[in-house]
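# Examination of the molecular architecture
The lines below spell out each chain.
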Amino acid sequence: EAQVTQNPRYLITVTGKKLTVTCSQNMNHEYMSWYRQDPGLGLRQIYYSMNVEVTDKGDVPEGYKVSRKEKRNFPLILESPSPNQTSLYFCASSLYPWSSYNSPLHFGNGTRLTVT
Amino acid sequence: GENVEQHPSTLSVQEGDSAVIKCTYSDSASNYFPWYKQELGKRPQLIIDIRSNVGEKKDQRIAVTLNKTAKHFSLHITETQPEDSAVYFCALNTGNQFYFGTGTSLTVIP
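## Things to note about the interface of chain A and chain B
Each partner contributes residues to the interface: chain A has 29 residues there, and chain B has 22 residues. Taken together, the two surfaces of chain A and chain B that pack against each other cover about 2000 Å², and 50% of this comes from carbon and sulfur. Among the residues of chain A in contact with chain B, Leu43, Asn102 and Phe107 of chain A are the three that bury the most area, contributing 26% of the side total. If you look at where chain A meets chain B, you find zero salt bridges. Linking chain A with chain B are five residue pairs in polar contact (both at pLDDT 80 or more). Secondary structure elements with two or more residues in the side of chain A that touches chain B: β4 (31-38), β5 (42-51) and β9 (87-94) of chain A. For the side of chain A that touches chain B, the element with the most residues is β5 of chain A, which contributes five residues. When its residues are assigned to classes, the side of chain A that touches chain B shows 14 nonpolar, 12 polar and three charged.

What follows is the structure, given as structure tokens:
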């Protein structure tokens, strides 16, 4: 089944303790990205990647890191989490969003992160 | 980044009535406009999309219209049903990035 898989679904941690949220897609998509969803703010892009070893900042990158060493994986790293990073996080992928074809985002099931 | 304004933020309709959600944007380079439906506790899922060279697209009870000159696009749901109750997000793509509206919580009253 074609899908984007995120883990874990729920995560509770303490301020300053490094964590990684994994994301994997099996659709051979070129483009992958991370979003955070907060009430009243919609989905805001954290980082995106257009290809292996190519990553760029989105609108809210502060406090986050990513890497794209393989096409299928795009982990999100919080080196020193803070309470303002408590949010619902979504990983998503798309085939060729820069092309002339309709290339929607396919979302993972989300990771609800709480930082105390 | 691009600013996508979505209205209304909440919408209640009687079952069988129509619902319309509107989004406006500013970047004329935007070329792709998807709409997502998010049910409670679930991920956003694509329901319909349109490219900038198309003015209208319809899929059963759902339609999207795009006015490039005025820089707005709208989602139309006809003959609403209780299972249409969800949060709807408009989005657009400028090539490298997707930008989302702040969402509309639609409630269909049986």
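Picking up where we left off.
## Some points on the sheet that holds strand β3 (residues 19-25) of chain A
All names here are of chain A. Taken in spatial order, the four strands line up as β1-β3-β8-β7 in an open sheet, and their pairing is antiparallel. In this open sheet, the two edge strands, each paired with only one partner strand, are β1 (4-7) and β7 (65-66). Two elements, β3 and strand β8 (residues 76-78), share three bridges in a ladder whose sense is antiparallel. Its bridge partner being in β8, threonine 20 is matched across the sheet by isoleucine 77.

Cut-offs used in this document
Residues numbered from 1 in each chain as written. Chains lettered and ligands numbered in written order. Predicted model: local features only at pLDDT ≥ 70, side-chain atom pairs only at ≥ 80, totals over all residues. Heavy atoms only, no water. Contact = heavy atoms within 4.5 Å. Buried area = accessible area lost by both parts, 1.4 Å probe. Salt bridge = Lys/Arg side-chain N within 4 Å of Asp/Glu carboxyl O. Polar contact = N/O pair within 3.5 Å; in protein donor to acceptor, adjacent residues only side chain to side chain. Helix = DSSP H or I, 4+ residues; strand = E, 2+ residues; numbered from the N terminus. Nonpolar A, V, L, I, M, F, W, Y, C, P; charged D, E, K, R; others polar. Pairing = 2+ DSSP bridges.

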